[in-house]
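Read off the chains here:
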Amino acid sequence: MQLQNTKSAPSLRTLLFLLPLFAVVIWQRMLILQLFSQLLLGAAVALAALPLARPLEKRMKRSRAAALAIAGLIVLLASLLLLLIPFLVSQTRQIATSLPGFIGRMGDLVRQGERWLTTKGVHIDEGWKNSLLSRGEALLEGVVKHLGSFAQSIAGSLGRWLLSPVFAFYLLRDRREISEWVLMLFPSGKRPVVVRIFREMRRETLGFLRAQLMISAAIGSLTAVGLLLCGIPGWLFLGLIMAVLELIPYMGPVVGGGIVLLFSWQKGLGRMLWALGVIVLVQQIEGNLLSPKMTSQMTRLHPLTVLLGILAGGSLAGVTGILLAVPVILSFRAMLQVIGKERMERQLASAENVLRQKNSGASP
């Protein structure tokens, strides 16, 4: 009886500790999500600077190598932004000034359709026509509003972006100590499995992120060049939108293609058809050439799983949750795969021990 009480006491203490902790997590979930997103941004910068830091660590201390690697990455990104920002600002102004004319073209198109239907003997109710025009304007305003909120969310997270190199420096410098500290949180018998889980998660997520960033850059560049050749205004701005939305699987290219078609329509139906041809051609290159070459079969997920993950991530953490949905799903899948393999290996080892004992007992 005394043994039973000593066994049940730790579980009760653990429950009494976990319940308040769970309540605090629910109460401060937004703060925890912000801290977690800040940590993830720092980890992303550290992973991007890791290929630069490794050769430097062979010649100097880790702190100096980490600082130089992050500084080199910042200089490279800043140089790219200084080259692109003047073009993006001018093209953004050009697109913003063309919005009233675009709305006027929508009204002209509706009136032309009304006259054509009138010649065919179909009369349109005035209230229905006004409703159609108001819905079209509301749709366009909604697109512009979502683009503005997306840009505002990025600008609002500027503080986290500025702090991410600081987090990245400490994560990059102390990555071995942090790994050892994390392993100390687990029992000694489970540490080999934990190491396998983290390695598999790193392999899955890094492979996906590297391939996705390369595909996104290729899609944005090809779209921008194609729109430039077609004479579409704002070609660099629209190409950048396609590159960013390409990071959202399945839904992103559809939304980006719709935005490109809307802004290319102001140059006429012919230019819009050329823009549609560019989008279709680029997506065919991505689906038949880039994705099969850059994304391995192991990192592919079922479309329903991806869509549900994107919806859940968007409801929990907004744009950050949408972008992190697929890496989180891949990490969870890698953890389950390692746990399943480890359990199967244990079962095979126990079966081999049973057979060995039977054989040794039957040998005399």
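Colleague: How should I be thinking about the overall build of the chain in this particular structure?
Modeller: Regarding its fold elements, the chain presents 12 helices and 0 strands. In the chain, the order of α-helices and β-strands from amino to carboxyl end is α-α-α-α-α-α-α-α-α-α-α-α. In the chain, which comprises 364 residues, the proportion classed as buried is 28%. The long-range share in the chain, meaning contacts at least 24 apart out of those at least 6 apart in sequence, stands at 71%. Working note: accessible area of the chain is about 24100 Å², and carbon and sulfur atoms make up 70% of it.

Colleague: Just to check I follow, could you spell out the packing of helix H7 (residues 175–184) against helix H8 (residues 191–229) for this structure?
Modeller: Across the interface, H7 lies against H8 with an axial gap of 10 Å and an inter-helix angle of 130°. In terms of axis orientation, H7 runs oblique to H8. Once H7 is placed against H8, the crossing between them reads as right-handed. Of H8, the residues touching H7 (which contributes Val 182, Leu 183 and Met 184) are Arg 191, Val 194, Val 195 and Phe 198. Residues that form the contact of H7 with H8 fall into these classes: 6 nonpolar, no polar and 1 charged.

Colleague: Quick question: what am I supposed to make of the nonpolar core here?
Modeller: Side chains that are nonpolar tend, in soluble globular proteins, to be buried together. Among the nonpolar cores identified, the biggest contains 29 residues, and Leu 238 and Val 260 are the most heavily contacted of them. Discounting residues that sit within four places of it in the chain, Val 260 has contacts with Leu 227, Leu 238, Met 242, Ala 275 and Ile 279. Ranked by size, the runner-up nonpolar core spans 12 residues in total, among them Leu 50, Ile 70, Leu 73 and Leu 172.

Colleague: Is there a simple way to explain the packing of aromatic side chains in this structure?
Modeller: By convention here, two paired aromatic rings are described through the distance between centres and the angle between planes. The tally for this structure, following the rule as stated, stands at 1 aromatic pair. For the pair Phe 169 and Tyr 170, a centre-to-centre distance of 5.1 Å together with 75° between the ring planes defines the contact as edge-to-face.

Colleague: Looking at this structure, how should I read the environment of Leu 84?
Modeller: As for its placement among the helices and strands, Leu 84 is situated in helix H3 (residues 62–97). Taking the C-alpha atoms as reference, Leu 84 lies 9.7 Å from Phe 237; in sequence the two are 153 residues apart.

What counts and how
Residues numbered from 1 in each chain as written. Predicted model: local features only at pLDDT ≥ 70, side-chain atom pairs only at ≥ 80, totals over all residues. Heavy atoms only, no water. Helix = DSSP H or I, 4+ residues; strand = E, 2+ residues; numbered from the N terminus. Buried < 20%, exposed > 50% of the residue type's maximum accessible area, 1.4 Å probe, protein only. Contact = heavy atoms within 4.5 Å. Areas by Shrake-Rupley, 256 points an atom, 1.4 Å probe, with all protein chains shown as cover. Axes fitted to C-alpha atoms, helices over the stretch in contact; angles between N-to-C directions. Parallel < 35°, antiparallel > 145°, perpendicular 65-115°, else oblique. Left-handed = near helix turned anticlockwise from the far one by under 90°. Nonpolar A, V, L, I, M, F, W, Y, C, P; charged D, E, K, R; others polar. Core = buried A, V, L, I, M, F, W, Y, C linked by side-chain atoms within 4.5 Å. Phe/Tyr/Trp six-rings, centres within 6.5 Å; stacked < 30°, edge-to-face > 60°.

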